[in-house]
Amino acid sequence: MLPGILGTKIGMTHLFDEEGRMVTVTVIQAGPVYVTQVKSDQDREGKTDGYNAVQVGYGEMSDKHLTFPKFGHLKKSGVGKNLRTLREFRVDDVSGFELGQEVKAGDVFADGQVVTVTGTSKGRGFAGGVKRHHFKGQHMTHGYMTHRRPLASGATGPQRVFKGTKKPGRMGGDTVTQKGLKIVKVDAERNLLLIDGPVPGANGSLVTVKKVSN
């Protein structure tokens, strides 16, 4: 079975466990995904991919936004849908997969599993050093003119700023992976995953949920 699935972050809510404690969870619309390509390290018709992997597609899109190469690729897979996002998952054995196969959240995950979630963090635009790097800042007393402004950039001997120096700049919009998250509940009928705590990304953004390998 697939080691993970693609989904959309819907938002956060809360529920109560068996002991009556309130648990804050993130709701993820996980799948369904469709198998669009199967790659194998075995010789098939005189060719090999060199590794075992399953490519899946998630999310539908209109015809006008679909490129011709992607259209041909999806047509060859026999899915019958215009899928927006394609991702690969490495697997040990590809014998159980076939083109066009539908995989749902309940087929991959179960209650209580520990997973890893990867998403794109919220974009914050251009940010200063205090917000971007958690600088302490300067004095807040009256008459002091550099409250949140970064001062010296380093030694004066080299007469240049070293690469990697913490400076103001673009913040957010990065790929963030959060490990050790627990699935509180799997709603197989609606393909929903309720994961304990927050996950990276804004509401409506794409996330990848993977099972933690033993």
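Source: prediction; values computed, not measured. (Residues numbered from 1 in each chain as written. Predicted model: local features only at pLDDT ≥ 70, side-chain atom pairs only at ≥ 80, totals over all residues. Heavy atoms only, no water.)

## A word on a positive patch on the surface
A contiguous patch of positive charge, built from Lys122, Arg124, Lys131 and Arg148, is present on the exposed surface. Tracing the chain through its elements places lysine 122 in the loop between strand 7 (114-120) and strand 8 (125-127). Exposure remark for lysine 122: the relative accessible area of 44% places this residue in the partly exposed category. (Patch = residues over 30% accessible without salt bridge, like charges linked within 9 Å, V, L, I, M, F, W, Y side chains within 5 Å. Areas by Shrake-Rupley, 256 points an atom, 1.4 Å probe, with all protein chains shown as cover. Salt bridge = Lys/Arg side-chain N within 4 Å of Asp/Glu carboxyl O. Lys, Arg positive; Asp, Glu negative; His and termini not counted. Charge placed at Lys NZ, Arg CZ, Asp CG, Glu CD. Helix = DSSP H or I, 4+ residues; strand = E, 2+ residues; numbered from the N terminus. Buried < 20%, exposed > 50% of the residue type's maximum accessible area, 1.4 Å probe, protein only.)

## A few points about the pairing of strand 10 (residues 175-187)
Bridge count for strand 7 against strand 10 is 6 bridges, and the pairing is antiparallel. Bridge pairing in strand 10 links glycine 119 to valine 176. Relative to strand 11 (residues 192-196), strand 10 is paired through 4 bridges, and the arrangement is antiparallel. Bridge pairing links isoleucine 183 to isoleucine 195 in strand 11. Between strand 10 and strand 11, which pair antiparallel in sequence order, lie 4 residues; one of them, asparagine 191, sits at a positive phi of approximately 55°. (Pairing = 2+ DSSP bridges.)

## Focus: the side chain of asparagine 191
The residue asparagine 191 is located in the loop between strand 10 and strand 11 in this model. Asparagine 191 gets classed as buried once you look at its relative accessible area, which sits at 9%. A polar contact of 3.3 Å, which involves the side chain of asparagine 191, links it to the backbone nitrogen of alanine 105. Each residue touching asparagine 191, except ones within four places of it in the same chain, is listed here: Ile28, Gln29, Ala30, Gly31, Pro32, Lys104 and Ala105. (Polar contact = N/O pair within 3.5 Å; in protein donor to acceptor, adjacent residues only side chain to side chain. Contact = heavy atoms within 4.5 Å.)

## Observations concerning the nonpolar core
As a rule of thumb, nonpolar side chains are buried together in soluble globular proteins. One finds Leu2, Phe109, Leu193 and Ile195 to be the most contacted residues of the largest nonpolar core, which totals 29 residues. If we skip the residues at most four places from it in the chain, leucine 2 touches Val33, Val54, Val56, Phe89, Phe97, Val103, Val108 and Lys211. (Core = buried A, V, L, I, M, F, W, Y, C linked by side-chain atoms within 4.5 Å.)

## Observations regarding the environment of serine 40
Along the polypeptide, serine 40 turns up in the loop between strand 3 (33-39) and strand 4 (53-60). For serine 40, a relative accessible area of 4% corresponds to the buried category. The contacts of serine 40, once residues within four sequence positions are left out, are Thr48, Asp49, Gly50, Tyr51, Asn52 and Val94.

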